[in-house]
Amino acid sequence: MELEVGDGTTSVVILAAELLKRANELVRNKIHPTNIIGGYRLAMREACKFIEEHLAMKTEKLGKDSLLNVARTSMSSKIVGSDANFFAQLVVDAIQ
């Protein structure tokens, strides 16, 4: 089985569409948009808190190779393309 790894654009669009779909259902049920936005903001804060407490890791714990892989993956696009290694190294050097 071959896996495709991208920049996550499709996933972000699908997630945003689902949030809008759910918000539309709430508006149709007479929930004020301000309350819907407040709920989304609360959910965002809770999600960020969970990530920080359970999923985040200090960069000092990662080796340079891991940091390079993270930088390379986060910049994977057609624009960077063949220069991905150069830019990944530049980013890692800058954050260290």
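Worth saying up front: this structure is predicted, and the values here are computed from it rather than measured.

Details of the overall build of the protein chain
Part 1 of the argument: Check the secondary structure of the protein chain and you find 4 helices and 0 strands.
Part 2 of the argument: Split into buried and exposed, the 96 residues of the protein chain put 9% on the buried side.
Part 3 of the argument: Look at the contacts in the protein chain between residues 6 or more apart in sequence, and 30% of them connect residues 24 or more apart.
Part 4 of the argument: For the protein chain, the accessible area works out to roughly 8,500 Å², and carbon and sulfur atoms hold 60% of it.

What to know about a nonpolar patch on the surface
Part 1 of the argument: Taken together, Leu-15, Leu-19 and Tyr-40 make up a surface patch of nonpolar side chains, about 270 Å² in accessible area.
Part 2 of the argument: Inspection of the secondary structure puts Leu-19 in helix H1 (residues 9-28).

Re H1
An α-helical turn contains 3.6 residues, so a residue and the one three or four places further along point in the same direction.
Part 1 of the argument: A rise of 1.5 Å per residue sets the reference length of H1, with its 20 residues, at 28 Å; its end C-alpha atoms lie 29 Å apart and thus fit the reference within 8%.
Part 2 of the argument: Where H1 ends, the next residue or the one after it, Lys-30, has phi of about 70°, a positive value.

A look at the packing of aromatic side chains
Part 1 of the argument: Summed over the entire model, instances satisfying the criterion amount to 1 aromatic pair.
Part 2 of the argument: Ring centres of Phe-86 and Phe-87 lie 5.2 Å apart, and the angle between their planes is 75°; this geometry places the pair in the edge-to-face category.
Part 3 of the argument: Classification of Phe-87 by relative accessible area gives partly exposed; the value is 33%.

Some details on the packing of helix H3 (residues 64-74) against helix H4 (residues 84-95)
Part 1 of the argument: With their axes 8 Å apart at the nearest point, H3 and H4 run at an angle of 120° to one another. Relative to H4, H3 is oriented oblique. The element H3 and its partner H4 pack so that their crossing is right-handed. Packed against H3, whose contacting residues are Lys-64, Leu-67, Leu-68, Ala-71 and Arg-72, the element H4 presents Ala-84, Asn-85, Ala-88, Gln-89, Val-91, Val-92 and Asp-93 at the interface.

Rules of the game
Residues numbered from 1 in each chain as written. Predicted model: local features only at pLDDT ≥ 70, side-chain atom pairs only at ≥ 80, totals over all residues. Heavy atoms only, no water. Helix = DSSP H or I, 4+ residues; strand = E, 2+ residues; numbered from the N terminus. Buried < 20%, exposed > 50% of the residue type's maximum accessible area, 1.4 Å probe, protein only. Contact = heavy atoms within 4.5 Å. Areas by Shrake-Rupley, 256 points an atom, 1.4 Å probe, with all protein chains shown as cover. Patch = residues over 30% accessible without salt bridge, like charges linked within 9 Å, V, L, I, M, F, W, Y side chains within 5 Å. Salt bridge = Lys/Arg side-chain N within 4 Å of Asp/Glu carboxyl O. Expected span 1.5 Å × (residues − 1). Phe/Tyr/Trp six-rings, centres within 6.5 Å; stacked < 30°, edge-to-face > 60°. Axes fitted to C-alpha atoms, helices over the stretch in contact; angles between N-to-C directions. Parallel < 35°, antiparallel > 145°, perpendicular 65-115°, else oblique. Left-handed = near helix turned anticlockwise from the far one by under 90°.

Note that every value here comes from positions in space, so none of it alone points to a role or purpose.
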